[in-house]
Amino acid sequence: MQTHTQDLTKLPERLPLFINPHAGSAPALLEQLRQQERLIIHEVTPDTLRAALQAEIAAGTPRVLVCGGDGTLALAASALVGSQTAMVVVAGGTLNHFAHNWQLPTELNTALDLAFASPQVAAVDVGYVNQALFLNTSSVGAYVHFVRARELYETKMSYRLASIRAGFKGLLRLRSSRLYVNSKKIRSPLIFIGVRERDISLSGLGAVHANSQHVLHMLIVKTTTYWSLTKLIFNVMFRGLEPATKSENVDSQLVEQVMINNSHHKRSIYVALDGELTLQTTPLEYRYVPNALLVVTPSVTISATE
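As the structure is a computational prediction, the values presented were derived from the model and not from experiment.

A. Examining the overall build of the protein chain more closely. Broken down by element type, the protein chain carries 9 helices and 17 strands. Expressed as a percentage of the 306 residues in the protein chain, the buried residues total 48%. Nonlocal contacts in the protein chain, meaning residues at least 24 apart in sequence, comprise 70% of its contacts between residues at least 6 apart. A total accessible area of about 15,400 Å² is found for the protein chain, and carbon and sulfur atoms account for 52% of it.

B. Highlighting the packing of helix H2 (residues 46-59) against helix H3 (residues 70-80). One way to put it is that H2 packs onto H3 with a least axis distance of 9 Å and a crossing angle of 40 degrees. With respect to each other, H2 and H3 are oriented oblique. For H2 against H3, the interelement crossing comes out right-handed. For the pair H2 and H3, the contacting residues are Pro46, Leu49, Arg50, Leu53 and Ile57 in the first and Thr72, Leu75, Ala76, Ser78, Ala79 and Leu80 in the second. The residue makeup of the contact of H2 with H3, split by class, is 8 nonpolar, 2 polar and 1 charged.

C. Main features of helix H1 (residues 26-33). Within the sequence span of H1, burial applies to Ala26, Leu29, Leu30 and Leu33. Along H1, the residues classed as buried sweep out an arc of 105 degrees about the axis, all on the same side.

D. View of the nonpolar core. Ranked by internal contacts, the top residues of the largest apolar core, which has 27 residues, are Leu53, Met87, Val89, Phe98, Leu135 and Leu293. When contributions to this core are tallied by element, the ones reaching two or more residues are H2, strand S4 (63-68), H3, strand S5 (86-91), helix H4 (97-101), strand S6 (120-129) and strand S17 (284-296). The element that contributes the greatest number of residues to this core is H3, accounting for 6 residues. With sequence-adjacent residues up to four places away left out, Leu53 is seen in contact with Phe18, Val64, Ala76, Ala79 and Leu80.

E. Seen up close, the sheet that holds strand S16 (residues 276-281). Taken in spatial order, the 6 strands of this open sheet run S13-S12-S11-S8-S15-S16, and their pairing is antiparallel. Only two strands of the sheet have a single neighbouring strand rather than two, namely strand S13 (250-255) and S16. On average, each strand axis in the sheet is tilted by 25 degrees relative to the strand beside it, whichever way the strands run. Pairing of strand S15 (residues 268-273) with S16, which is carried by 6 bridges, proceeds in the antiparallel orientation. The residue bridging Leu273 from the neighbouring strand is Glu276, located in S16. Seen against the sheet, helix H6 (residues 142-153) touches strand S8 (137-141), strand S11 (190-195), S15 and S16 and runs at an angle of roughly 100 degrees to S8.

F. Up close: the side chain of Asn262. You can see Asn262 is positioned in strand S14 (residues 257-262). Every residue in contact with Asn262, bar those within four places of it in the chain, is listed here: Arg178, Leu179, Tyr180, Ile269 and Thr282.

G. Highlighting the environment of Leu133. By the element assignment, Leu133 lies in strand S7 (residues 132-134). Residue class for Leu133 comes out buried when judged on its relative accessible area of 8%. C-alpha of Leu133 to C-alpha of Ala77: the two residues are 56 residues apart in sequence and 7.7 Å apart in space. Not counting residues within four places of it along the chain, the set of residues in contact with Leu133 comprises Ala74, Ala77, Ser78, Val81, Val126, Gly127, Tyr128 and Leu273.

H. Just the pattern of salt bridges, in detail. Under the counting rule described, the total for this entry stands at 3 salt bridges. A salt bridge links Arg34 to Glu43; its shortest N-O distance comes to 2.6 Å. Exposure remark for Arg34: the relative accessible area of 51% places this residue in the exposed category. In this structure, the salt-bridge partner of Arg38 is Asp113, at a minimum N-O distance of 3.0 Å. Linking Arg38 in the loop between H1 and strand S3 (39-43) with Asp113 in helix H5 (residues 108-117), this pair joins segments that are 75 residues apart in sequence.

I. Molecular detail of the confidence of the model for the protein chain. Looking at the protein chain, the pLDDT average stands at 85 and 84% of residues meet or exceed 70. Under a pLDDT of 50 for its full length, residues 302-306 has, in the predicted model, 18 contacts with residues more than four places off or in other chains.

J. Expanded view of the side chain of Gln6. Turning to its location among the elements, Gln6 is positioned in the loop between strand S1 (2-5) and strand S2 (15-19). Residue Gln6 is classed as buried on the basis of its relative accessible area of 14%. Within polar-contact distance, the side chain of Gln6 engages the side chain of Arg63 at 2.8 Å. Apart from the residues lying within four places of it in its own chain, the contact partners of Gln6 are Leu11, Pro62, Arg63, Gln84, Ala86, Pro119 and Val121.

Cut-offs and rules
- Residues numbered from 1 in each chain as written.
- Predicted model: local features only at pLDDT ≥ 70, side-chain atom pairs only at ≥ 80, totals over all residues.
- Heavy atoms only, no water.
- Helix = DSSP H or I, 4+ residues; strand = E, 2+ residues; numbered from the N terminus.
- Buried < 20%, exposed > 50% of the residue type's maximum accessible area, 1.4 Å probe, protein only.
- Contact = heavy atoms within 4.5 Å.
- Areas by Shrake-Rupley, 256 points an atom, 1.4 Å probe, with all protein chains shown as cover.
- Axes fitted to C-alpha atoms, helices over the stretch in contact; angles between N-to-C directions.
- Parallel < 35°, antiparallel > 145°, perpendicular 65-115°, else oblique.
- Left-handed = near helix turned anticlockwise from the far one by under 90°.
- Nonpolar A, V, L, I, M, F, W, Y, C, P; charged D, E, K, R; others polar.
- Arc of directions from axis to C-beta.
- Core = buried A, V, L, I, M, F, W, Y, C linked by side-chain atoms within 4.5 Å.
- Pairing = 2+ DSSP bridges.
- Salt bridge = Lys/Arg side-chain N within 4 Å of Asp/Glu carboxyl O.
- pLDDT = per-residue confidence, 0-100.
- Polar contact = N/O pair within 3.5 Å; in protein donor to acceptor, adjacent residues only side chain to side chain.

Next comes the structure, spelled out in structure tokens:
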């Protein structure tokens, strides 16, 4: 991660904040945000966010605030990458993986203070599948079906209960897919790809590794039966993923790019990107792009994942 400073004296008195008023906890957050005189609040939809951010880039705005979950942040990042406009993360999601990975504040007032008080800007890494950007993770296979089921159940219950029910449904309807990874034929129910190397120990499972290499981390689940996958899940819960990568159950690879195709030669398949589903043409071409996005970070501490 590369860092530099911005001259705070050149910041405008008010900064633009972008939020989808209909997403997640946005209605509650909006009540607090509207009390902030130092913000210019733009209520946007996913369809209008990109154009709104591009207008700020064209105007030379040094930093913008984006409020939302990881999916919203990734959408904003796709417009901001390569520009000199830095993003201030105002975490408004359920899990807020991106904020946690880069040690950004998740409390609202702290994030707002950061926008105006921290001169430090970091250039962080992103991943792409075809032309779609992701900040944290992407997956092919079982997780896609899990997200579909969870979104359906969320209309009737809480996010946590919906996730649990969708998880059990996924186990009961487990299917393995025949895929080609860099032209090598495999059979797997799930392929996971994370931006930067992931911690696979029990204590830090899934987080960006403290001494992360600047690559994509690909994990290929190779178990193909209900019983073997159930056994793998319980082993991971109590022992972490690392023992599984030393067996034949999970293949762990660090790559800068990878190509994934399906054996049925479908022209498109659904892929999960930061918890959101997108329809992507095949083959899926994954690549790692370092130092692509400017993010305002706390000036006192640098992320341990640097």
